[in-house]
Amino acid sequence: MRTKSIFLIALLGFVGSVFATPQIQHWQAPSGARVYFVEDHNLPMLDVAVNFPAGSAYDAADKIGVAGLTHGLLDLGTETLSEDDIARRLADVGARLGGNFDNDRSGLSLRTLSSETEREAALAILSEVLQRPAFPQSVLEREKKRLVAGLREAETKPEFLAERAFGRAVFGTHPYGWQTSVSDVEKIQRTELLDFYRAHFSADAAVVALMGDVSRQQAEAIAQRLTAHLPPGGAARGLPPVVPGIAAQEERIAHPASQSHILIGAPGIARNDADYFPLYVGNYILGGGGFVSRLMNEVREKRGMAYSVYSYFMPLQQPGAFQIGLQTKKEQVGEALRVVRETLQSFVRQGVTEKELLAAKQNIIYGFPLRIDSNGKILGYLSLIGFYNLPLTYLDDFTKQVDAVTSKQIHDAFERRIDPKAMVTIIVGAPEKNRE
Amino acid sequence: MRLYALCLGLLLAATAQAEVFETTLSNGLKVVVKEDHRAPTVVQQIWYHAGSMDERTGVTGVAHVLEHMMFKGTKTIPAGEFSRRIAAAGGRENAFTSYDYTAYFQQLHKSQLALAMRLEADRMHNLVLSKEEFGKEIKVVMEERRWRTDDEAHALLDERLMATAYQEHPYRNPIIGWMNDLENMTDDDARDWYHTWYVPNNATLVIAGDVKAQEVFALARRYYGKIPAGKLPLRKPYLEPAQRGIKRMVVKAPAELPHLVMAYHAPTLRDVANDWQPYALSVLAGVLDGNDSARLNRVLVREQQIATAIGAGYGNTSRGPTLFSLEATPAPGKSVNELEAALREQLQLIVRDGVSGEELQRVRAQVTAAEVYKLDSVFYQAMQIGQMESIGLSHCDLPVMLQKLQAVTAEQVQQVAREILQDDQLTIAVLDPQQLSDKPKPKPEIQHAH
């Protein structure tokens, strides 16, 4: 054991000396927005992201889908610009406006050249769509129709049916389990988008991330410019708690596909969970580590039963899902289920070997530089750190936290948090007895 | 003795290619190094100049199956061990097969490059290909085919479109192979493929990241240098006979909405400095679909609301022929015929009235910005180099191509639309959506496990 601890110290020393992490600057803009900035002049470009706690979980129970449409319509018309003006002006300077939307977050991101003309034109658009969206009635009607068409299409796809049933079964009545239906979308009114926007897109809730070729002074001005005219807000911030334990249940949904899509899982962990690192490292060994995980080895390498098999924890504001997923031809779905369940059971019961733990740490720690080797990736971490109020030293601490995980901690955390006998199992395209 | 070469004639051009160095080992392996010192990471990509277009009837999919088998052990590295060692070095790795080439990559901290090169060189020459491992892996590939194609309506439509648009050229066969060919494939088929194509004189090694070119060349000689060159089979040109009239086809698959693809035979870039049509077609695709303000999205999705989604596609760099394609999903209540007519009208407008200077300028702005944005991804830059080398062009052509693209005129766009978008060269594929026979409702009772 002595040699191992020496080796791990050596591992960490290597990390500390070689893996420089970006210098994160943090302040609060006069508007109240929290700002995270990394100054980097290597490339003549700037990335900006602005996020709000306005994801799908912030919908009202009787107005599901409003958060998503609010996000979708932000850049489709403002008080002064039509959707075509917006698209054309961005294209004229080669800027790219993107969006991200999940259970917790609703955000926009912008990539632009940092030369003044281009940067100013691009930021003017971002500023406008964030602070003066108009949600035009005609655009809303069209987007509702497109959304309905997309939903009806998705309802023919096994992967969509599986995710929808999984969310409902794992989260029950919690907003993380809500699924937007066609009738939800059809009844959405413009005033609901305006109300949602005013309540949730306030400066004091905003997290601004900036990465790239501007000075601190410029970054300060940009952050203020993007948030000074946001609405007053006033929405309650928190989300209701997710109930951790659930009853075992299995749902089989008919589908003509040649493969069954299988999802197994339960509520997992929140971003600030004390078990985060033991579960993260443990899950690498179970099903997160690409070609070298136990699930991959049992299901694919040994038996050739699936192309893809994985497990993950989705850490959110409240505990997101723990999920195992795979697709396998219908005829062998029973056998595949048996193998996956046995793999999970023995993992939870017996924990990991020291050899597995070492390999996991080596991958995560040595591979750490790959997580921060581009402006785009760093921007993502700035948004994450800001949104979830993680320490500014998050990136510096990451490898140390991983290195400190013990096999006992992993075993203990999985035993407390993951009960293989209390899992939801969804099988779409299950073999049917009465099928012709 | 010169150790390496730069792209001659471009030394003054302040482009990204200025930091690209290349050499060729005595066994024929070409090594290209792109230095980028922003982060202490490196990517290794090895590109074999053999893809599914080199397969023969009855063994379609073997290029991709061999790609899977490359992880299944060599004389000294047991099955799965390649991935374990790369993972333990903090690496990420995978591989991909296309019509034109097969490539393998690892991304790691720069200190681990030698390990990746040693392992990659080993499997270039020492693959074992056991019957047992093949028997398991071919099942994985069949699952991959079900997942990617058989159960995916749009992928199925694309597969059959290719099989219809091309009658002679091997692009008519799917990269993943026809299921029946996979069911009848043997480890001998994979072995033949490996011994035919996996030789250093049929590959390009691309290393990009925080490295020094001369040190990489030394490592390459050390690990790859001793692998003997092989005798490559004569490659056939496979010229697709000219199409003589429009082709129409229908694919039935589970879906809600129909889908329409219109694909025209179009020229590929061959003479980088003197061709003009491939550049004009790229700009045409940009004018139609290069950004949110482009014509198809603006007119057909937003204004006429005849489509819910729409796109134009054209790739001008490939070993074989290419297609200029449009695809769209009709809005509910709109028919595929109405959609086809609306798409044709948009093409006709360009043939008749041309494109505006503003539209052209917008496409140029996109191209200029994309050249900067690509610098944020070392992996992508390596990809571009590898692709060029694998299809018979050179990475040194990239700056020339950029200049030519930026020099396309409005008249050229109009002319190329008129010359290339001809009905006789067109294949139209329609997805005929099939309702699910059982409406996907959960069974009334929920079964409790155990």
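Residues numbered from 1 in each chain as written. Chains lettered and ligands numbered in written order. Predicted model: local features only at pLDDT ≥ 70, side-chain atom pairs only at ≥ 80, totals over all residues. Heavy atoms only, no water.

1. Some words on the overall build of chain A
Each helix and strand in chain A was counted, giving 17 helices and eleven strands. A globule of 436 residues ought to have a C-alpha radius of gyration of about 22 Å, and chain A, at 23 Å, matches this closely. The principal-axis extent of the C-alpha atoms belonging to chain A is close to 60 × 60 × 35 Å. Expressed as a percentage of the 436 residues in chain A, the buried residues total 60%. The long-range share in chain A, meaning contacts at least 24 apart out of those at least 6 apart in sequence, stands at 81%. Carbon and sulfur atoms make up 51% of the accessible area of chain A, which totals about 16800 Å². Within chain A, the 50 negative side-chain charges are centred at a point lying 5 Å from the centre of the 47 positive side-chain charges. (Helix = DSSP H or I, 4+ residues; strand = E, 2+ residues; numbered from the N terminus. Rg over C-alpha atoms; globule rule 2.2 N^0.38 Å. Buried < 20%, exposed > 50% of the residue type's maximum accessible area, 1.4 Å probe, protein only. Contact = heavy atoms within 4.5 Å. Areas by Shrake-Rupley, 256 points an atom, 1.4 Å probe, with all protein chains shown as cover. Lys, Arg positive; Asp, Glu negative; His and termini not counted. Charge placed at Lys NZ, Arg CZ, Asp CG, Glu CD.)

2. Concerning the packing of aromatic side chains
Under the criterion given, the structure shown has 32 aromatic pairs over all chains. Ring centres of Trp 47 of chain B and Phe 96 of chain B lie 5.6 Å apart, and the angle between their planes is 75°; this geometry places the pair in the edge-to-face category. Taken together, the positions of Trp 47 of chain B in strand β3 (residues 41–48) and Phe 96 of chain B in strand β4 (residues 92–97) put the pair 49 residues apart, joining distant regions of the chain. Accessibility expressed as a relative area gives 0% for Trp 47 of chain B, which makes it buried. For Phe 96 of chain B, a relative accessible area of 23% corresponds to the partly exposed category. Consider the rings of Tyr 166 of chain B and Tyr 171 of chain B, whose centres lie 5.8 Å apart with planes at 80°: the pair is edge-to-face. Of the two residues, Tyr 166 of chain B and Tyr 171 of chain B, neither departs from the other in class, the shared state being buried. Put simply, the rings of Phe 291 of chain A together with Tyr 48, Phe 71, Phe 82, Tyr 104, Tyr 194 and Tyr 198 of chain B touch in pairs and so form one group of aromatic residues. Here the basic side chain of Arg 271 of chain A rests over the ring of Tyr 388 of chain A, its NZ or CZ set 5.7 Å away from the ring centre. The side chain of Arg 123 of chain B reaches across the aromatic face of Phe 82 of chain B, ending 3.6 Å from its centre. (Phe/Tyr/Trp six-rings, centres within 6.5 Å; stacked < 30°, edge-to-face > 60°. Lys NZ or Arg CZ within 6 Å of the ring centre and 35° of its normal.)

3. Some details on the pairing of strand β9 (residues 309–315) of chain A
Consecutive residues of a regular strand have side chains that alternate between opposite faces of the sheet. Residues and elements named next belong to chain A. Burial along β9 is one-sided: the residues Val 309, Ser 311, Phe 313 and Pro 315 are buried and none of Tyr 310, Tyr 312 and Met 314 is. By the bridge criterion, six bridges tie β9 to strand β10 (residues 319–329) in an arrangement that is antiparallel. Along β10, the bridge assignment pairs Val 309 with Leu 326. Between the antiparallel neighbours β9 and β10 lie three residues. (Pairing = 2+ DSSP bridges.)

4. Structural notes on the interface of chain A and chain B
Many descriptions give the size of an interface as the accessible area lost when the pieces come together. With 74 residues of chain A at the interface, the matching set in chain B holds 66 residues. In total, chain A and chain B occlude about 6200 Å² of area from one another, counting both sides; carbon and sulfur atoms represent 56% of this. Taken as a group, Phe 291, Tyr 307 and Leu 370 of chain A account for 11% of the area that chain A buries against chain B, more than any other trio of residues on that side. At the boundary of chain A with chain B, the tally comes to six salt bridges. For the pair chain A and chain B, the interface holds 29 residue pairs in polar contact (both at pLDDT 80 or more). When grouped by side-chain class, the residues that make up the side of chain A that touches chain B number 28 nonpolar, 19 polar and 27 charged. (Buried area = accessible area lost by both parts, 1.4 Å probe. Salt bridge = Lys/Arg side-chain N within 4 Å of Asp/Glu carboxyl O. Polar contact = N/O pair within 3.5 Å; in protein donor to acceptor, adjacent residues only side chain to side chain. Nonpolar A, V, L, I, M, F, W, Y, C, P; charged D, E, K, R; others polar.)

5. Concerning the environment of Val 352 of chain A
All names here are of chain A. For Val 352, the position within the fold is in the loop between α12 (333–350) and α13 (354–366). Using a relative accessible area of 10% as the deciding quantity, one classes Val 352 as buried. As for Val 352 and Thr 406, which are separated by 54 residues in sequence, their C-alpha atoms are 9.6 Å apart.

6. Structural notes on the nonpolar core
With 133 residues, the main nonpolar core has Leu 210, Tyr 394, Phe 414 and Ile 426 of chain A as its most contacted residues. Ranked by residues supplied to this core, first place goes to α12 of chain A with eight residues. For this core, the two domains that each supply at least three residues are domain 1 (24–227) and domain 2 (249–371 + 390–435) of chain A. For Phe 414 of chain A, the contacting residues outside a window of four places in its chain are Pro 278, Leu 279, Gly 282, Asn 283, Leu 286, Phe 313, Phe 347 and Val 348 of chain A. Core analysis: the second largest hydrophobic core is formed by 66 residues, Phe 105, Leu 269, Val 351 and Leu 405 of chain B among them. (Core = buried A, V, L, I, M, F, W, Y, C linked by side-chain atoms within 4.5 Å. Domains from an automatic or database assignment.)

7. Points about the pattern of salt bridges
On inspection of all chains with the given rule, the structure shows 59 salt bridges over all chains. With its nearest N and O atoms 3.2 Å apart, the salt bridge here joins Arg 160 of chain B to Glu 159 of chain B. The class for Arg 160 of chain B is partly exposed, based on a relative accessible area of 34%. Note on Glu 159 of chain B: relative accessible area 8%, which makes it buried. Where salt bridges share partners, they join Glu 83, Asp 84, Arg 142, Glu 143 and Arg 146 of chain A together with Arg 302 of chain B into one cluster.

8. Description of the packing of helix α4 (residues 116–131) of chain A against helix α9 (residues 216–227) of chain A
Residue and element names in this part refer to chain A. Contact geometry for α4 and α9: axes closest at 8 Å, N-to-C directions at 35°. Every residue of α9 that contacts α4 at Arg 119, Glu 120, Leu 123, Ala 124, Leu 126, Ser 127, Leu 130 and Gln 131 is listed here: Gln 218, Ile 222, Arg 225, Leu 226 and Thr 227. Per-class residue counts for the contact of α4 with α9 are six nonpolar, four polar and three charged. (Axes fitted to C-alpha atoms, helices over the stretch in contact; angles between N-to-C directions.)

9. Looking at the sheet that holds β3 of chain B
Residue and element names in this part refer to chain B. If you walk across this open sheet you meet the six strands as β1-β2-β6-β3-β5-β4, and the pairing is mixed. In the strand order of this sheet, the two ends are held by β1 (20–24) and β4, each with one partner. Averaged over all pairs of adjacent strands, the angle between their axes in this sheet comes to 15°, without regard to strand direction. As paired strands, β1 and strand β2 (residues 30–35) are joined by five bridges and run antiparallel to one another. Bridged to Thr 24 within β2 is Lys 30. Of the strands in this sheet, β4 and β5 (102–109) are in contact with helix α1 (residues 62–69), which crosses β4 at around 165°.

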